[in-house]
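# Fold and contact review
Chain residues, written in single-letter form:
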Amino acid sequence: MQQGGNRQTEKLLLERSVPGRVGTVLPDLDVPAQPLPDKALLRNDLLLPEVSEPEVVQYFTGLSQLNFSIDTHFYPLGSCTMKYNPKVNDELAFLPGFAGIHPMQPAEQSQGALELLYKLQGFLGEITGLPAVGLSTLAGAHGELGGMLMIRAHHLANGDNGRTTVAIPDSAHGTNPASAAMAGFDVVELASDKDGNVDLEALREVAGPNLAGVMITLPSTLGLFDTNIVEVCQIVHESGGLVYGDGANMNALLGRVKLGRLGFDVAHLNLHKTFSTPHGGGGPGAGPVCATSQLAPYLAAPVITENNGNYQLSIPEKSIGKLSGFHGNFGVLVRAYTYIRTLGDAGILSISGNAVLNANYMMKALRGIYHLPYDRTCMHEAVFSADLQKERGSSGLEIAKRLLDYGFHAPTMYFPLIVHEALMIEPTESETKETIDMFIQALIDIDHEVTVNTALVNDAPHTTPVARLDEAKAARQPDLRWQPEAAD
Amino acid sequence: MSAISPDTTGHFQSHYIPNTTDEQAEMLSALGIDSIDQLFADIPDEYRNPALDLPAPLSELEIQRELGGMASKNRSLGSGPSFLGAGSYNHFIPSIIKPLITRGEFITAYTPYQAEASQGTLQVIYEFQTLICNLYGMEVANAGMYDGATSLAEAVLMACRVTKREKVALADTVSPAYSAVIHTYCQSQDIAVETIGPSNFVLDGETACLVLQYPNYFGNIEGLQGLINGAHAEGALAVISTDPTAMGMFQTPGHYGADIVTGDGQPLGIPSSFGGPYVGLFATKQEYVRQMPSRLSGRTVDKNGKTGYVLTLQTREQHIRRERATSNICTNEALYALASTIYLAAMGKHGLRRVAELCYHKAHYAAAKIVELPGYSLPLDSPFFQEFVVQCPTAPVNINKRLMEQDILGGLDVSQKIPNGMLLCVTEMNSQDDITALVSALSEFE
């Protein structure tokens, strides 16, 4: 028997379609009908659902309830900074004076929007110590592409055509090598040393006339502040290269250190991580690019400039060009602006302080129960290995899935790649101590379960809308859309 | 307790951050240290705690006032008749979309890597892929790209991978912004981008793809069948950036044999929002699925045989393939893929056709009224959908200033391409009164 009537979510939209139902009523045509074009230009079929408005609302509400989210679950997904997303940010981004403005309307008709963007450029420049800021890139990886194209343009402008190699630590997020390749570079991997820092000897080997630059994530994806970072920047600069900063982990450093002062030349920020804009189930994000004033002429177009209180869109002198259709993910930028203004100078420091405190508190409580391959003060996240549990029969994946049964989203698994059975946990500053204590207890309980009831852990999750899914079947026989003939 | 200024110890109790000073002290004591600053000791002293020149915190009441003031300095599309399109379109958005997409379960979830905890998002993506395929007449669609411009640029890169060729024929009727993004994406890839007039061009056996826009930047419907056949005859792919609203009535690019179809999903229930966030649409033929960028949701079963959804064919993607990935894209625009899916569900088969027909008839009515005015003509002689170029008796910039005095947002000045050309867009949002006001204002110029 099917429970829940039409509110259940099993049937897809086209399966619940009933000929004749409508989901929206549109106005009648209020002008005389005009001649239609040649019939050959028109389509005669369009397979879209025929469902009423209540069904649409019930179906999508039902689907939403199948998700874990920050609002419903603790979501300690390492490197993703799943902090609270303030509701006022959403509310303000939807104001008609923001959501209802056209990107091509004259600048005099959009001064408020341009002023907000101009001030946000200033805030992000101050926070990173990299004063030249462009907001048009639409996600972290998109910012990486922009920043790496700027590095390329800088070398070419100096007649330095041989700098074709970019060095990237083995702990880096996969977008770094992918972005460097899209910007036309050859990628070499840099080893990490035993403390999780960039191996300086390995760096010196590649630092030469072919090196365009390095891409560094700070703190690293091991959740560690690289104590060699100043020297890393010096070595790269002495060889004529530039230093790119992946700002995915900036939540740890807000107000504590400026990337520009350490020697970074260009970096991106993930506003959907550090600056609280919602991930939306995989976007929209925003990946502003912050650079030294030397690199300012290469920023992607447009940037916002100010002249006697008038704000306008401008194209930097030697711009790498446009990277997006208009001026950036404005709705996301409004949210980040709101967040920075709300927290202010004192709040910005409170973010990094509490994020790092919470992570270290959790790491300390789990030390000895879960293996810590790099046992140092961590930044905003701690990377454990499930090697000790694996010896008793449960992998990192199985522990992560078991956490879902405890009502916690899983940590990031198997990343960074240089840690066996990695479990990367980022509590963020916006969780209570009670929640963090309960999460710690859950991981301790699961460790015990691995010993006494391995199968319970290895068959997890038991309480989610579906059990472990057959990913091999999905890849072997890809079923990527609903088709009528597949319905029976 | 929670005033917006720090207390005498420097502690600031933000409403977004729960830890009190007592709790901080308890946690620090568990760590055997006495200050948060000690946790940052790995940062060399001379770089730690730099001066930070940011404004002081604001309460919610104050921030609402500040942003309300900024927003009120912008003219919104709803405040008066608006005829600007050119890649961002003013369409009706059903009221169900905002409350559904801002449900915490959708808007505060991450990318659905942990499938058992993300079935809602994954099933939405599968629905999105299905509806985009049907809209464009294609076999496979991905979970979305950043926007229409980047989607088209990534389609060009994909065409080069598929054909192993490095020459691109880009029609001069493609949006200048989209063309610019293609140039930026290709600059470091040794791909030669050649701009061509689609009526008189010759492709050779080295061209990876022919890139067209449908309807084109000037609103016209070009003879796609001949152009696509021409591309195929030389072994090139046909890449077509397509307005999804036009698909409510016009033949699909898939019908004509297009190989990759992209577009911007903004017209499907997404506000103009000064240019973003939108969502890029991307569809292709089944045979090219492994060359596609971005995520795909696939239907499968769980270990009990129950239907479920997972991200699949991930070996194309950056987190597995790193520098050899089909693209660097990671975070895309999932929330707006959701908005488009809800829009297509609410509009449905008949609603989308109705929207397209309203746009078509109103645009053609407006065009007919404008060319009755002395000094105005339609310089382009091709069928169009909702946008058209009017040749004006004087510079469009002057006309637009006059229109704005009457609170009418005029069309885009395209006089660089067509002398005194103004690109107007008329949608279902424009009433007969709006059109009459526009025509009357234009009649002041001769």
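Note that the structure is predicted; figures quoted are calculated from it, not measured.

Basis of the calculations
Residues numbered from 1 in each chain as written. Chains lettered and ligands numbered in written order. Predicted model: local features only at pLDDT ≥ 70, side-chain atom pairs only at ≥ 80, totals over all residues. Helix = DSSP H or I, 4+ residues; strand = E, 2+ residues; numbered from the N terminus. Rg over C-alpha atoms; globule rule 2.2 N^0.38 Å. Buried ≥ 20, exposed ≤ 12 C-beta atoms within 10 Å, placed from the backbone. Contact = placed C-beta atoms within 7 Å. Pairing = 2+ DSSP bridges. Nonpolar A, V, L, I, M, F, W, Y, C, P; charged D, E, K, R; others polar. Axes fitted to C-alpha atoms, helices over the stretch in contact; angles between N-to-C directions. Domains from an automatic or database assignment. Core = buried A, V, L, I, M, F, W, Y, C linked by C-beta atoms within 7 Å. Parallel < 35°, antiparallel > 145°, perpendicular 65-115°, else oblique. Left-handed = near helix turned anticlockwise from the far one by under 90°. Expected span 1.5 Å × (residues − 1).

Turning our eyes to something else, we now look at the overall build of chain A. Counting secondary structure elements, chain A contains 15 helices and 12 strands. Rg of the C-alpha trace for chain A: 25 Å, near the compact-globule value of 23 Å for 488 residues, within the 12% margin. A principal-axis box enclosing the C-alpha atoms of chain A has dimensions of 70 × 70 × 45 Å. Counting the 488 residues in chain A, one finds 59% classified as buried. Contacts in chain A between residues far apart in sequence, at least 24 positions, make up 72% of those at least 6 positions apart.

With that settled, consider the sheet that holds strand β1 (residues 140–141) of chain B. Picture the strands of a sheet paired through backbone hydrogen bonds; they go either parallel or antiparallel. Residues and elements named next belong to chain B. The mixed open sheet is built from seven strands, whose spatial order is β1-β7-β6-β5-β4-β2-β3. Here the strands that pair on one side only, and so sit at the sheet edges, are β1 and β3 (192–196). Judged from the five bridges that link them, strand β2 (residues 167–171) and β3 form a sheet pairing that is parallel. If you follow A169 over to β3, its bridge partner there is E194.

What follows covers the interface of chain A and chain B. Of the residues lining the interface, 165 residues belong to chain A; the matching set on chain B comes to 163 residues. Among the elements that make up the side of chain A that touches chain B, the one with the highest residue count is helix α10 (residues 330–366) of chain A (21 residues). Among the residues forming the side of chain A that touches chain B, the class breakdown is 85 nonpolar, 53 polar and 27 charged.

Moving on to the sheet that holds strand β11 (residues 412–413) of chain A. Residue and element names in this part refer to chain A. In spatial order, the strands read β10-β12-β11; together these three strands make up an open sheet with antiparallel pairing. Of all the strands in the sheet, the pair left with one neighbour each is β10 (382–385) and β11. Across the sheet, helix α12 (residues 396–405) touches β11 and β12 (422–425), and the angle it forms with β12 is around 40°.

Turning to the pairing of β12 of chain A, a few remarks are in order. All names here are of chain A. On β12, burial covers both faces: A422 and M424 on one face and L423 and I425 on the other are all buried. Looking at chain direction, β10 and β12 are connected through four bridges and run antiparallel. Bridge assignment links V383 to a residue of β12, and that residue is M424. As defined by bridge partners, β11 adjoins β12 across two bridges and the pair is classed as antiparallel. When the bridges of β12 are listed, M413 appears paired with L423.

This part covers the domain arrangement of chain A. For chain A, the assigned domains read domain 1 (1–66), domain 2 (88–343) and domain 3 (346–472). The gap between the C-alpha centroids of domain 1 of chain A and domain 3 of chain A is 42 Å.

Before going further, it helps to spend a moment on the pairing of strand β8 (residues 297–301) of chain B. Within β8 of chain B, four of the five residues are buried, which leaves the element mostly enclosed by the surrounding structure. Counting the residues that bridge the hairpin from β8 of chain B to strand β9 (residues 307–311) of chain B gives five residues, and of these G305 of chain B lies at a positive phi of roughly 85°.

Here we take up the nonpolar core. Residues and elements named next belong to chain B. In terms of nonpolar packing, the biggest core is built from 300 residues, with V156, C209, L210, V211, V239 and I342 touching the most fellow members. Here this core takes 23 residues from helix α10 (residues 334–371), the largest share from any one element. Setting aside residues up to four positions removed in sequence, V211 forms contacts with L152, V156, V168, A169, L170, A171, V174 and V239.

With that settled, consider the packing of helix α1 (residues 53–64) of chain A against α10 of chain B. Relative to each other, α1 of chain A and α10 of chain B sit at 155°, their axes nearing to 9 Å. One way to sum up the angle between α1 of chain A and α10 of chain B is to call them roughly antiparallel. Our pair here, α1 of chain A against α10 of chain B, has a crossing hand that is right-handed. Contacts from E53, V56 and F60 of chain A in α1 of chain A reach I342, A345 and A346 of chain B in α10 of chain B. Taken together, the residues of the contact of α1 of chain A with α10 of chain B sort by class into five nonpolar, no polar and one charged.

We now examine the environment of H364 of chain B. All names here are of chain B. Looking at where H364 falls in the secondary structure, it is placed in helix α10. For H364, a count of 23 C-beta atoms within 10 Å corresponds to the buried category. Once the C-alpha coordinates of H364 and V426 are considered, the two residues, 62 residues apart in sequence, prove to be 8.6 Å apart.

Now for the domain arrangement of chain B. Residue and element names in this part refer to chain B. When the domains of chain B are assigned, the result is domain 1 (78–89 + 348–442) and domain 2 (97–342). Centre-to-centre separation of domain 1 and domain 2, based on C-alpha positions: 28 Å. On the domain 2 side, the residues contacting the 20 residues of domain 1 number 19 residues. Elements represented by at least two residues in the side of domain 1 that touches domain 2 include exactly α10 and β10 (387–391). Top contributing element to the side of domain 1 that touches domain 2 by residue count: α10, with seven residues. Split by residue class, the side of domain 1 that touches domain 2 holds 13 nonpolar, four polar and three charged.

So, about helix α5 (residues 140–157) of chain A. All names here are of chain A. Between its terminal C-alpha atoms α5 stretches 26 Å, which fits the 26 Å expected from 18 residues at 1.5 Å a residue. Of all 18 residues in α5, 16 are buried; the element is thus mostly enclosed. With its phi angle positive at about 70°, G159 sits one or two positions after the end of α5.

Before going further, it helps to examine the environment of V355 of chain B. Here V355 of chain B lies in helix α10. Not counting residues up to four positions away in its chain, the partners in contact with V355 of chain B are L26 of chain A together with H91, T245, G248, M347 and E428 of chain B.

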